[in-house]
Amino acid sequence: NTSSAPPPTAVPTPPPPPPPTSTAGCSLTERQNWAQAQLDTYYLFPDTLPTNPNPAPYATVQDYIDYLTATARSQNKDRDFTYITSIMEENAYYSSGSSAGLGVRLGRTSDSRLFVTEAFEGAPALAAGLDRGTEILGIGTTTGNIRPVSDFVGNTDGLNAALAPNTLVLDISNASGRKTVTITKADYDLLPVSSRYGAKILDDNGKKVGYVNLRTFLSPADPALRSAFQMFKSQGVTEVVVDLRYNGGGLVSIAELFSNLLGGNRRTSDVLSYVTFRPSLASNNETNYFAPQPQSIAAMKIAFIGTRSTASASELVMNSFVPYLGVNNALIGTNTYGKPVGQIALDRPQCDDRLRAIAFRTENANRQGDYYNGLAQFMKTTCQAPDDISYQLGDPREASVRQALDFLGNRGTCTPISATLGSAGGTTTQGYQQRVSLNQSTPLMPSDPSTIERENPGVH
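None of these values were measured; they are calculated from a predicted model.

Conventions used here
- Residues numbered from 1 in each chain as written.
- Predicted model: local features only at pLDDT ≥ 70, side-chain atom pairs only at ≥ 80, totals over all residues.
- Heavy atoms only, no water.
- Helix = DSSP H or I, 4+ residues; strand = E, 2+ residues; numbered from the N terminus.
- Buried < 20%, exposed > 50% of the residue type's maximum accessible area, 1.4 Å probe, protein only.
- Contact = heavy atoms within 4.5 Å.
- Areas by Shrake-Rupley, 256 points an atom, 1.4 Å probe, with all protein chains shown as cover.
- Pairing = 2+ DSSP bridges.
- Axes fitted to C-alpha atoms, helices over the stretch in contact; angles between N-to-C directions.
- Core = buried A, V, L, I, M, F, W, Y, C linked by side-chain atoms within 4.5 Å.
- pLDDT = per-residue confidence, 0-100.
- Polar contact = N/O pair within 3.5 Å; in protein donor to acceptor, adjacent residues only side chain to side chain.
- Phe/Tyr/Trp six-rings, centres within 6.5 Å; stacked < 30°, edge-to-face > 60°.
- Lys NZ or Arg CZ within 6 Å of the ring centre and 35° of its normal.
- Salt bridge = Lys/Arg side-chain N within 4 Å of Asp/Glu carboxyl O.
- Arc of directions from axis to C-beta.
- Disulfide = S-S within 2.5 Å.

### Focus on the overall build of the protein
(1) Moving on: Broken down by element type, the protein carries 12 helices and 22 strands.
(2) Moving on: The burial tally for the protein puts 57% of its 460 residues in the buried class.
(3) Moving on: Long-range pairs, those at least 24 residues apart, make up 72% of the contacts in the protein with a sequence separation of at least 6.
(4) Moving on: Element-wise, carbon and sulfur atoms account for 49% of the exposed surface of the protein, whose accessible area totals about 17300 Å².

Here you go:
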């Protein structure tokens, strides 16, 4: 019901609506006017909205939304965070991670080479031999029309178009050599915590350190995270590497659970976060407190691995520990994206329209929340580290994991992360072909991303 203020969750997931029985009220102008009315009521930055908007010049609902939110975007407050999407597509994704595609995350180096940075279990690409570190050299639909990736230097839309067909023939290079593989896209469920490396105990010179990699804040992350932390608790873990390097966000409820699983030593009077709406909706403001769970551990030191793809709910978890752990709460890798605001879902079922509108901001117990340029300036300890795709995620030899362990073990010094660190990538020769280090993850993103692509940058 959009007539009253919705609850402060970034991605509410109501049951899927029944198929529309009518499309009355779904002309372009009607849909545009509906979107404008929702923003007039709920948008976090009402003073930035135009005073006399006119939808006529805009060919799509999203084009009109972009016009309405242009001022907030120019102020770095709403960087494509407000958008129109499909109710059914979103519900399928947030309830189970359901998606269709190759099932890989792709990233580019500064010299425009294309690599697999992550491959998902149960998806076609991993079954065909593509995994983290695989380089894609060429793309086609038959062996006779493969085009080299170098043809698409500076043309991201063209590269995404080349990856669009349902069946692809790829020229790849990995540890077993160079070969051509044929892959047909298929439906798969994205596991929020990988069954291969998502949760494990690392032996750091005889000390047990927990490692957990959360891909996205979906509902199925609840049991997966509880299981991971039960393992940590049974092993007496109090120091944790939390890997959120590719996590673009998701459900605030899962972010709160994650914080509670890490905060077993927090009191129920300790503030986890403040949620603040626009003045006209102040009755919806909330103060959220820590609520330790049966699986919670008393984390004394946390190393968060992040990149520019780390955003929203991921940053909420990181920020929630700044007041309590201080210098024992570190950001490892590069600066994060900078999204201290959250969306609500405003639905028009007959049109299958869901408006994701920025409607609230979050702050930690110290009222710190304006990290629009990333969290590097707020974290008490930061250490630069590359995303070393020569090693699997969770491998202690991987550069970011190794730096995280060095921080936890008080070994040596590190270079602090600049709040304005760019997105350069690079390669260095080592091993069977080339050891590839992405100084900053540069995910391959389409210009009009789907839900899974927004929450999981680089996924195809």
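### Brief notes about the sheet that holds strand β12 (residues 239–243)
(1) Moving on: One open sheet holds the six strands; their spatial order is β10-β11-β12-β15-β16-β19, and the pairing between them is mixed. In this open sheet, the two edge strands, each paired with only one partner strand, are β10 (199–204) and β19 (381–384). On average, adjacent strands in this sheet sit at an angle of 25 degrees to one another, irrespective of strand direction.
(2) Moving on: With six bridges connecting them, β10 and strand β11 (residues 207–213) associate as antiparallel partners.

### Some points on the nonpolar core
(1) Moving on: Among the nonpolar cores identified, the biggest contains 68 residues, and L225, V242, F258, L262 and F304 are the most heavily contacted of them.
(2) Moving on: Excluding residues within four positions of it along the chain, F258 makes contact with V212, L214, F217, L225, F229, V242, L244 and V317.
(3) Moving on: By size, the runner-up hydrophobic cluster in this structure holds 21 residues, among which are L106, V116, A162 and L168.

### Thoughts on the confidence of the model for the protein
(1) Moving on: Model confidence for the protein is summarised by a mean pLDDT of 88, while 87% of its residues fall at 70 or above.
(2) Moving on: Low pLDDT, under 50, characterises residues 1–21; the predicted model gives this stretch 52 contacts beyond four residues in sequence or across chains.

### A closer look at the side chain of T381
(1) Moving on: Structurally, T381 can be placed in strand β19.
(2) Moving on: A distance of 2.8 Å separates the side chain of T381 from the backbone oxygen of V327, its partner in a polar contact.
(3) Moving on: Setting aside residues up to four positions removed in sequence, T381 forms contacts with V327, N329, A330, L331 and F407.

### Considerations on the packing of aromatic side chains
(1) Moving on: What the rule picks out here adds up to 13 aromatic pairs.
(2) Moving on: Taken together, the aromatic side chains of F217, F229, F232 and F258 make up a single cluster linked through ring pairs.
(3) Moving on: Above the ring of F407, the side-chain terminus of K301 is found at 4.8 Å from the ring centroid.

### What about the pattern of salt bridges?
Pairing of side chains with opposite charge becomes possible as their charged atoms draw close.
(1) Moving on: Evaluated as defined, the whole model comprises 29 salt bridges.
(2) Moving on: As a salt-bridge pair, E118 and R105 come within 3.0 Å of each other at their nearest N and O atoms. Here E118 is found in strand β4 (residues 114–119), whereas its partner R105 is found in strand β3 (residues 104–108), with 13 residues between them in sequence.
(3) Moving on: The class for E118 is buried, based on a relative accessible area of 1%.
(4) Moving on: We note a salt bridge from D222 to R226, for which the minimum N-O separation is 2.7 Å. Taken together, the residues D222 and R226, both in helix α7 (residues 221–234) and four residues apart, mark about one turn of the helix.
(5) Moving on: Salt bridges here are not isolated pairs; linked through shared partners, they connect R105, E118, E121, D131, R196 and R215.

### Observations regarding helix α2 (residues 61–68)
(1) Moving on: Along α2, the residues classified as buried are V61, Q62, Y64, I65 and L68. End-on, the buried residues of α2 take up no more than an arc of 160 degrees, which puts them together on one face.
(2) Moving on: Those residues of α2 that are buried lie in contact with α1 (28–42), α3 (70–74), β1 (83–86) and β18 (353–363).
(3) Moving on: Sitting at the amino-terminal end of α2 is T60, which places a side-chain oxygen 3.5 Å from the backbone nitrogen of Q62.

### Overview of the state of the cysteines
(1) Moving on: Tallied over the entire structure, the rule returns two disulfides.
(2) Moving on: Residue pairing for C383: its cysteine sulfur links by disulfide to C414, the two sulfurs lying 2.0 Å apart. Between C383 and C414 the disulfide shows an S-S torsion of about -60 degrees. By sign, it is left-handed. One end of the pair, C383, is in strand β19; the other, C414, is in the loop between α11 (399–408) and β21 (426–428), with 31 residues separating them in the sequence.
(3) Moving on: Residue C383 is classed as buried on the basis of its relative accessible area of 3%.
(4) Moving on: For the protein, numbering the cysteines in disulfides from first to last along the sequence yields the connectivity 1-2, 3-4.

### Some points on helix α8 (residues 252–262)
(1) Moving on: Burial analysis of α8 places nine of its 11 residues in the buried class, which makes it a mostly covered element.
(2) Moving on: Looking at α8, one finds that the buried residues are V252, I254, A255, L257, F258, S259, N260, L261 and L262.

### Looking at the pairing of β1
(1) Moving on: What you see with β1 is no split at all: Y83 and T85 on one side and I84 and S86 on the other are buried throughout.
(2) Moving on: Inspection of the sheet shows β1 paired to β18 by four bridges, in the antiparallel sense. Bridge assignment links T85 to a residue of β18, and that residue is R354.

### As for unusual backbone geometry
(1) Moving on: The phi dihedral of N205 is positive, around 55 degrees, even though this residue is not glycine.
(2) Moving on: Mapped onto the elements of the fold, N205 is located in the loop between β10 and β11.
(3) Moving on: Since its relative accessible area comes to 69%, N205 is described here as exposed.
(4) Moving on: With a phi angle near 55 degrees, D352 is a residue other than glycine that sits in the positive phi range.
(5) Moving on: Positionally, D352 belongs in the loop between β17 (341–348) and β18.

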